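Chains, contacts and geometry: an overview
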Amino acid sequence: MRIGLYGMPTAGKSYILDRIDFIEVVMGSKMLRALDPDFNFRDESGRENVRKQLVQALAQKQTFIMDGHYAFGNEIAFTEDDGKMYDAILYLYIDPNILSERMTESEKNRQYLKYDIAEWQLREIEALRTYCHRNDKDFYVADNPPENYFEDTVAVIDFIRAVVGGYSCISYARKCVKDILEKSQSETVLLLDGDNTLTIGDTSNKVFGYKTHLYDGNFYTGYQAWRQNDEFRQYEFGDLTEMPVQLNEKVKMALTRDSYILTSGHMRVWGFISKALGLDYYYGTEMSAETKYFITKGLQAAGKRVVAYGDGMNDYYMMKQADMGFLVTRQDGSVSRSLKGRDVEGLNLV
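Let me begin by describing the structure that accompanies this report. Predicted, not measured: the structure shown is a model, and the values here were computed from it.

Rules behind the numbers
- Residues numbered from 1 in each chain as written.
- Predicted model: local features only at pLDDT ≥ 70, side-chain atom pairs only at ≥ 80, totals over all residues.
- Heavy atoms only, no water.
- Helix = DSSP H or I, 4+ residues; strand = E, 2+ residues; numbered from the N terminus.
- Buried < 20%, exposed > 50% of the residue type's maximum accessible area, 1.4 Å probe, protein only.
- Contact = heavy atoms within 4.5 Å.
- Lys, Arg positive; Asp, Glu negative; His and termini not counted.
- Charge placed at Lys NZ, Arg CZ, Asp CG, Glu CD.
- Salt bridge = Lys/Arg side-chain N within 4 Å of Asp/Glu carboxyl O.
- Pairing = 2+ DSSP bridges.
- Axes fitted to C-alpha atoms, helices over the stretch in contact; angles between N-to-C directions.
- Phe/Tyr/Trp six-rings, centres within 6.5 Å; stacked < 30°, edge-to-face > 60°.
- Parallel < 35°, antiparallel > 145°, perpendicular 65-115°, else oblique.
- Nonpolar A, V, L, I, M, F, W, Y, C, P; charged D, E, K, R; others polar.

The next point concerns the overall build of the protein chain. Counting secondary structure elements, the protein chain contains 15 helices and 15 strands. Considering only C-alpha atoms, the protein chain reaches an extent of 65 × 40 × 40 Å along its principal axes. Burial analysis of the protein chain (350 residues in total) assigns 51% to the buried set. Counting contacts in the protein chain only where the partners sit at least 6 residues apart, residues at least 24 apart contribute 73% of the total. Across the protein chain, the centroid of the 42 positively charged side chains sits 2 Å from that of the 52 negatively charged ones.

Another aspect to go through is the pattern of salt bridges. For the structure shown, the criterion picks out 17 salt bridges. The salt bridge partner of Arg-134 is Glu-80, with a shortest N-O separation of 3.2 Å. With a gap of 54 residues between them, Arg-134 in helix 6 (residues 117–134) and Glu-80 in helix 4 (residues 80–84) connect regions that are remote in the sequence. We note a salt bridge from Arg-342 to Glu-126, for which the minimum N-O separation is 3.1 Å. With Arg-342 in the loop between strand 14 (324–327) and strand 15 (348–349) and Glu-126 in helix 6, this residue pair connects regions lying 216 residues apart in the sequence. Taking relative accessible area as the criterion, Arg-342 reaches 26% and is therefore assigned partly exposed. Bridged by salt links that share partners, the residues Asp-179, Lys-183 and Asp-280 form one connected network.

With parallel pairing, five strands are arranged side by side in an open sheet as 2-3-1-6-7. Across the chains shown, the open sheet's two edge strands, defined by having one partner strand only, are strand 2 (25–26) and strand 7 (138–142). Of the pairings in the sheet, the one linking strand 1 (residues 2–7) to strand 3 (residues 64–68) comprises five bridges and is parallel in character. The residue bridging Ile-3 from the neighbouring strand is Ile-65, located in strand 3.

At the junction of Pro-145 and Pro-146, the peptide bond is cis and its omega measures out at 5° in the coordinates. Relative to the elements of secondary structure, Pro-146 occurs in the loop between strand 7 and helix 7 (154–164). Notably, Thr-10 is not glycine yet its phi reads approximately 75°, a positive angle. Mapped onto the elements of the fold, Thr-10 is located in the loop between strand 1 and helix 1 (13–17). By relative accessible area, which is 21% here, Thr-10 ends up partly exposed.

Overall, parallel pairing links the six strands, which are arranged 12-11-8-13-14-15 in an open sheet. The two strands at the open ends of the sheet, each matched to only one other strand, are strand 12 (280–282) and strand 15. Across four bridges, the pairing between strand 8 (residues 188–193) and strand 11 (residues 259–262) is parallel. Considered in strand 11, the bridge of Leu-192 is made with Ile-261. Together, strand 8, strand 11 and strand 12 form the strand contacts of helix 8 (residues 169–183), whose direction differs from that of strand 12 by roughly 170°.

Mapped onto the secondary structure, Asn-109 falls in the loop between helix 5 (96–104) and helix 6. The exposure class of Asn-109 is buried, given its relative accessible area of 11%. Among all residues touching Asn-109, those that are not within four sequence positions of it are Pro-9, Thr-10 and Met-103.

Most of strand 8 sits out of view: five of its six residues are buried. Two strands pair when backbone bridges link them, and strand 8 and strand 13 (residues 305–310) are joined in this way by five bridges, in the parallel orientation. Each bridged residue has a counterpart across the sheet, and for Leu-190 the counterpart in strand 13 is Val-307.

Now for the packing of aromatic side chains. All told, the structure shown has 26 aromatic pairs when counted by the stated rule. For the pair Tyr-140 and Tyr-167, a centre-to-centre distance of 5.9 Å together with 50° between the ring planes defines the contact as tilted. Placement of the pair is Tyr-140 in strand 7 and Tyr-167 in the loop between helix 7 and helix 8, with a sequence separation of 27 residues. One exposure class covers both Tyr-140 and Tyr-167, and it is buried.

Moving on, we get to the packing of helix 7 against helix 11 (residues 222–232). At a closest axis distance of 11 Å, the pairing of helix 7 and helix 11 adopts a crossing angle of 105°. When the interaxial angle is binned, helix 7 and helix 11 end up roughly perpendicular. On helix 11, the residues touching Ala-155, Val-156, Asp-158, Phe-159 and Ala-162 of helix 7 are Gly-222, Tyr-223, Trp-226 and Arg-227. Partitioning the contact of helix 7 with helix 11 into residue classes produces six nonpolar, one polar and two charged.

Here it is, written out as structure tokens:
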């Protein structure tokens, strides 16, 4: 497993890497300067040549984690060759105000204060996410709402350990695609989100009072799904004997024999609902926005036409990738706040 740890200047990547002892740690910036002590003084063409040397030097390594920078202000440092080095990219998100404070205190990084730090960071995340989608690589954002900095790095390091051990949203997506292809009987497959799409309301909150800050950052990557699974273990509830929430009748009417639920909700809750509806469902620690996207992409690559229903950011990339996407609105007709600023053109409102 080859992991790229990305983040803004002063995000604390080195602080994380210094605490990792279960995978080889490569300090990218140090290695670049070891290859060429004058790296900082080279023009862009010269730096590009040194980066290619770095890629070649790491080509033989099968397992490592290395720090990286997507951009320095408006200057993009990330290249296609950089991306080829990794199986997964993990981005360390830090509150922009905290980043600004750290940059103010750092003579080396003070130069970046002239940029819009919040916009810069989100631009990096979206660009790296798009790259990973296009090139079939895992992408994760590690954040820590509501504080949005890491005084305690245990969760991040444990997650990296899980990735090294085989945690992978794209691998899980491929398993789902294989299973769906074996079961499907028509050219068109209908994929649908669970909570707030097939149901009116959130089943985890309704059944066992679940509340969380994990999605406050609006990233919905595998890191958030992985942490949610840990939070779920803290709750207990009895066996369900009746439908716990009201179903969305408009969505229910659209169900076909080749409909499959993709949910990050609780396994037992959605096991009950899916059985009651006679549908197959896919769930669990690795069910993220990326997983849904890669399931859609994988089914299309196998020749299937995909129709997708969802309500928010966790379903956004799935809906946009689908041959036909349906965005389920709230009961008052409004769209989920998680989609604020997102391009929903082409999606059909339900």
